[in-house]
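One letter stands for each residue in the lines below.
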Amino acid sequence: MELPFDATKSPIYELVNVVQFLQEFMAASMSSMLSAILVTLILHVDGQVEIICRQLSNISSTIRNGESCNKILKLSIYKHQRIIAFTDNIENIFTYIALIQFLSNTLVICSLGFLIVTSLDSQKKAVILAKTVPYYVLANLEAFALCYAGEYLTSKSADIERAAYHLTWYELNPKESRFLLLLMVRSRKPFVITAGKFMNLSLEVFASMLKASGSYVSVLYAMY
């Protein structure tokens, strides 16, 4: 940091280092906490989806025993509705948090990429790369984790439809078939996490972000 005063004298030097450490520690802790909460909620959704898939897989044995599947199907539909409501709450809570993190990571990746490119001709190349490359890698990993979480949540929504299709649905009576059809139709709408309601977080969006950051670095380097 370039400060408007001499920060090499004691006790200003120690005070500046303590303030910088606390600021970085709080920022890293907050970012890690939000990511951990998001991963925990997504894993909870994963567990609930697996429960529904297991219930649907048990329908085939219930049909072979000549028992009614109405109760299992109604319970699966009810749980699916609760999962949809839960994922909507996740989306409402994290959509703007994801937008802020997504934009900040894009700016950081672009700025650090420009700094890395311009430092290749510098005499202090080793020092600059040692400071910027680890931060650049961590910024990419944070953006990747956010987009991968959205991709994983979207992929889990298709598991219910596949589980419903692979059971012996052709042996159900017409009333039970309507319940199963309702479950399959509703599972066609994927679970998503958006960045500010603008775009769905996915690996494709992560690739687009890297592509855009590379383009911005090229423009800045041409103007440098």
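The chain has the name Odorant receptor 4-like in an unreviewed UniProt entry, where Polistes dominula is given as its organism. A UniProt comment under Subcellular location (unreviewed entry) is attached to the chain, and it reads "Cell membrane".

UniProt annotation of "transmembrane region" (unreviewed entry) refers to residues 25–45 and 93–117 when read in the numbering used here. Taken end to end, residues 25–45 is 100% helix and 0% strand, and its first and last C-alpha atoms sit 30 Å apart. In residues 93–117, helix accounts for 100% and strand for 0%; the two terminal C-alpha atoms are 37 Å from one another.

Our focus in this paragraph is helix α1 (residues 12–57). Residues separated by three or four positions in an α-helix point in the same direction, a consequence of the helix having 3.6 residues per turn. Here α1 contains 46 residues, and its C-alpha end-to-end distance of 67 Å stays within 8% of the 68 Å for a straight helix at 1.5 Å per residue. Listed in full, the buried residues belonging to α1 are V16, S31, L38, I42, V45, D46, V49, I52, C53, Q55 and L56. Lining the buried residues of α1 we find α2 (59–64), α3 (70–119), α4 (125–166) and α5 (174–187).

Let us look at the pattern of salt bridges. One pass over the structure, following the stated rule, counts 6 salt bridges. For K197, the salt bridge is made with E91, and the minimal N-O distance between the two is 3.3 Å. Taken together, the residues span a long stretch of sequence, with K197 in the loop between α5 and α6 (203–223) and E91 in helix α3 at a distance of 106 residues. One salt bridge connects E161 with R188, and the closest N-O pair in it is separated by 3.3 Å. Here E161 is found in helix α4, whereas its partner R188 is found in the loop between α5 and α6, with 27 residues between them in sequence. Residue class for E161 comes out buried when judged on its relative accessible area of 18%.

The next subject is the side chain of S187. Mapping S187 onto the fold places it in helix α5. If near-sequence neighbours (up to four positions away) are discounted, S187 is found in contact with H80, S157, I160 and E161.

Backbone torsion omega between S10 and P11 reads 5°, so that peptide bond is classified as cis. Within the element layout of this structure, P11 appears in the segment before α1. Residues other than glycine seldom take positive phi values, yet K197 does so here, at roughly 70°. Taking the relative accessible area as the measure of exposure, K197 reaches 46% and is therefore partly exposed.

Cut-offs and rules
Residues numbered from 1 in each chain as written. Predicted model: local features only at pLDDT ≥ 70, side-chain atom pairs only at ≥ 80, totals over all residues. Heavy atoms only, no water. UniProt positions renumbered as here; feature names shortened; annotations may be inferred. Helix = DSSP H or I, 4+ residues; strand = E, 2+ residues; numbered from the N terminus. Expected span 1.5 Å × (residues − 1). Buried < 20%, exposed > 50% of the residue type's maximum accessible area, 1.4 Å probe, protein only. Contact = heavy atoms within 4.5 Å. Salt bridge = Lys/Arg side-chain N within 4 Å of Asp/Glu carboxyl O.

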